[in-house]
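Analysis of the macromolecular model
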Amino acid sequence: MVTLSAPNAQDCLALAEIELCGELMIAASAAREDRLSPDRIDEVLNVGTGDW
């Protein structure tokens, strides 16, 4: 019997990482070039160039 529990922080983090990997795979499969550029990767991952 499997007992389901509320997701913990590790579960949420793992799911977020899986989602990001999926987004990268989709972008890579749709790309014309062999590799995604660093700028395209940042765009797919929604990484800003904000000031820290």
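As a starting point, this report considers the structure included with it. (Residues numbered from 1 in each chain as written. Predicted model: local features only at pLDDT ≥ 70, side-chain atom pairs only at ≥ 80, totals over all residues. Heavy atoms only, no water.)

Points about the overall build of the protein
Check the secondary structure of the protein and you find two helices and zero strands. Looking at the protein as a whole, 6% of its 52 residues qualify as buried. Of the accessible surface of the protein, which amounts to about 5,100 Å², a share of 57% is contributed by carbon and sulfur atoms. (Helix = DSSP H or I, 4+ residues; strand = E, 2+ residues; numbered from the N terminus. Buried < 20%, exposed > 50% of the residue type's maximum accessible area, 1.4 Å probe, protein only. Areas by Shrake-Rupley, 256 points an atom, 1.4 Å probe, with all protein chains shown as cover.)

Thoughts on the pattern of salt bridges
Within this structure, the stated rule accounts for one salt bridge. Two residues, E43 and R40, come together in a salt bridge whose shortest N-O distance is 3.0 Å. Taken together, the residues span about one helical turn, with E43 and R40 both in helix α2 (residues 38-44) at a distance of three residues. Under the relative-accessibility criterion, R40 is labelled partly exposed at 31%. (Salt bridge = Lys/Arg side-chain N within 4 Å of Asp/Glu carboxyl O.)

As for helix α1 (residues 9-30)
Look at α1: 32 Å from first C-alpha to last across 22 residues, which is about the 32 Å you get at 1.5 Å a residue. Where α1 begins, the capping side chain belongs to N8, and its oxygen is found 3.0 Å from the backbone nitrogen of Q10. (Expected span 1.5 Å × (residues − 1). Polar contact = N/O pair within 3.5 Å; in protein donor to acceptor, adjacent residues only side chain to side chain.)

Focus on the environment of V44
Note on placement: V44 falls in helix α2. Residue class for V44 comes out buried when judged on its relative accessible area of 18%. Between the C-alpha atom of V44 and that of I26, which follows or precedes it by 18 residues, the distance is 9.5 Å. Look past the residues within four positions of V44 in its chain and what remains in contact with it is E23, L24 and A27. (Contact = heavy atoms within 4.5 Å.)

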